[in-house]
Amino acid sequence: MKIKVSIKVALWSALVMLFVACADPQDRLYDGMEAQSLGKWMEKYHPELLNNKQTSGGYYVDILDAGDPARPVNDTIYWVKLAFTGRDLKGNVCLTRDELTARQIGSFTKYTHYVPFYRYCGEESANLLDGMHRALRNTLELDADYAAARDLPTEVVLGLGAEVVLYMPSSIVGGLSGSGGYEGQEAYSLSASRPLIVQMKVVDLIKNPLEYEGEEVDAFAAENGTLKPVEEKSEGTASTTRGAEEPQYNDGYAWRTANDTIPQLYINHTWRPTADRSKLLNYRNAYRSTVAPYNDLATLDERINEALVERFGEGTLEGDSVKLSGTAKIWYIGRFLDGFIFDTNIDEVKELIYGKVESAGEVITITPESNGKNYVSSWYYCIPQLRYGQWAAVVGTSTYNYGATGQEGETITNTTTSGYDQSYYDMINYYNYMNSYYGNSYYGGYYGNYYDYYNYGYYDNFYYDNSNVTTTTTTTISTEIQSYTPLLFQIYIEEKE
């Protein structure tokens, strides 16, 4: 389950590892040798870029598109969305956020949300590779002939839409590895002492991530029905929770604020699973994939809804409210606003998304006032307002979910061995028997040598039978949730016992 609040701080959601170089003479000597080697490699494979070596950092740059000069990355403090793939000098992919590349190298998983990397990119940055940060923030100096051939100035500041290839020494890389489906080929990782080639594209620039995701949540609610405005209250009037006011579900509003005092957390009490395409949720910038099931989101939702109704029914709004003191048994689907499902405890949904059920889903039991704060706060605010036997949808900003740190994606492999080697255990039993019966305690040295005969003769020729030994390897992949990511939950609460 990934609904519990994580306290991990992931500087790289794909587990990028940064190493600080020591400034002793031996390290400086190595840096100089590596710079020469990288220069020789560039001379052989990319001689046209030799004079595009940057004074700061010693990396080489190839500009495929400089982007919008009116939207420069270094104009102000930005959060930047970057699509990128990293390779070593042999072309081995060590990390990628591109689905097509992941499919080509065999690292693709249906658990992985292949979207651009989203990180802060101000004057200082601990969240990007040093070389990438330098290229995004600094003015790039280009060879005059190179620039003229590409109709570029000799000094370029990258802007929105820019796409570049960087050839970086290890001193501004520090090693690179991926997890959670962003791995390279055969989980390849880049040593901390090796150069890196990165092709990256600036997909979006965002000045205020909180404001941006709030607008996304408001737009999602508006496009999936209507949002009931918060009523003006006279000064001194206590704010109340709408769920306690017994909302009129037929008042024409699909979504209403969970609490008058907190913004951008909304409940849709009337949402329920349906195969009627006209009533399916509309996802802004819907997630697109080259393979099922996300190559057709409408069909996926149709099939999911049919499975939900078959298992849980259509739900009711006639049950008692859970309230803070009630105990709710919850089944859920957690989604990004593009429709991608990052987690669920419903096996039928797992089967439709992944093609199999790795581990059976278990109902989550919550009593809001006692253990509700162990989960994302959107549940703490919303579950008390829902009814037993009810379907509902909840949408809210990261403030009520995984916040500014997010949840890193992980790939965890466990190997377990069961059974035993029958012949080995038979041998051990015979050895123990012979050693105790014929050993020195009875017959002294005459039979004491039996140990040597048995150990070096019979033992060496013993035949091992491994037919009883079973080795099982399981790989568990959790989906990354990036910083400042709004979420949607589709929830069913079991009827009261």
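Residues numbered from 1 in each chain as written. Predicted model: local features only at pLDDT ≥ 70, side-chain atom pairs only at ≥ 80, totals over all residues. Heavy atoms only, no water.

Further remarks concern the overall build of the chain. Of the regular secondary structure elements, the chain holds 13 helices and 19 strands. Counting only residues that meet the buried cut, the chain has 47% of its 497 residues in that class. For the chain, the share of sequence-separated contacts (at least 6 apart) that also reach a separation of at least 24 residues comes to 77%. Taken as a whole, the chain presents about 24600 Å² of accessible surface, with 48% of it coming from carbon and sulfur. (Helix = DSSP H or I, 4+ residues; strand = E, 2+ residues; numbered from the N terminus. Buried < 20%, exposed > 50% of the residue type's maximum accessible area, 1.4 Å probe, protein only. Contact = heavy atoms within 4.5 Å. Areas by Shrake-Rupley, 256 points an atom, 1.4 Å probe, with all protein chains shown as cover.)

The next point concerns the confidence of the model for the chain. Summarising the model, the chain shows a mean pLDDT of 84, and 78% of its residues fall at 70 or more. Low confidence marks residues 5–23, where pLDDT is under 50. Its contacts with residues over four positions away, or in another chain, come to 60 contacts. Ignoring residues within four places in sequence, the model shows residues 440–462, a span with pLDDT below 50, making 22 contacts including any to other chains. (pLDDT = per-residue confidence, 0-100.)

Tallied over the entire structure, the rule returns 10 salt bridges. Where Glu 497 meets Lys 329, a salt bridge forms, and the shortest distance between an N and an O atom there is 2.8 Å. Residue Glu 497 is located in the segment after strand E19 (487–493), and its partner Lys 329 is located in strand E13 (residues 328–336); the two are separated by 168 residues in the primary sequence. The exposed category is assigned to Glu 497, whose relative accessible area is 81%. (Salt bridge = Lys/Arg side-chain N within 4 Å of Asp/Glu carboxyl O.)

For the α-helix, the turn length of 3.6 residues means that residues three or four positions removed from each other point alike. With 6 of 8 residues buried, helix H3 (residues 130–137) is to be regarded as a mostly interior element. Inspection of H3 places Gly 131, Met 132, His 133, Ala 135, Leu 136 and Arg 137 among the buried residues, and these make up the whole buried set. Each element contacted by the buried residues of H3 is listed here: strand E3 (78–87), strand E5 (117–121), strand E6 (140–141), strand E9 (163–168) and strand E10 (196–206).

The geometry of helix H6 (residues 297–312) relative to helix H7 (residues 347–354) is characterised by a closest axis approach of 9 Å and an angle of 160° between their N-to-C directions. Comparing the axis directions of H6 and H7 gives the class roughly antiparallel. Seen from above, H6 lies across H7 with right-handed handedness. Of the residues in H7, those touching H6 at Arg 303, Ile 304, Ala 307, Leu 308 and Arg 311 are Asp 347, Glu 348, Val 349 and Leu 352. Residue composition of the contact of H6 with H7, grouped by class: 5 nonpolar, no polar and 4 charged. (Axes fitted to C-alpha atoms, helices over the stretch in contact; angles between N-to-C directions. Parallel < 35°, antiparallel > 145°, perpendicular 65-115°, else oblique. Left-handed = near helix turned anticlockwise from the far one by under 90°. Nonpolar A, V, L, I, M, F, W, Y, C, P; charged D, E, K, R; others polar.)

A word on unusual backbone geometry. Following Ala 292, the chain continues to Pro 293 via a peptide bond in cis, the omega torsion being 5°. Examined against the element boundaries, Pro 293 turns out to sit in the loop between strand E12 (265–268) and H6. Here the phi dihedral of Asp 151 falls at roughly 55°; this positive angle occurs in a residue that is not glycine. The backbone phi angle of Asn 285 is positive, close to 50°, even though this residue is not glycine. Along the chain, Asn 285 turns up in the loop between E12 and H6.

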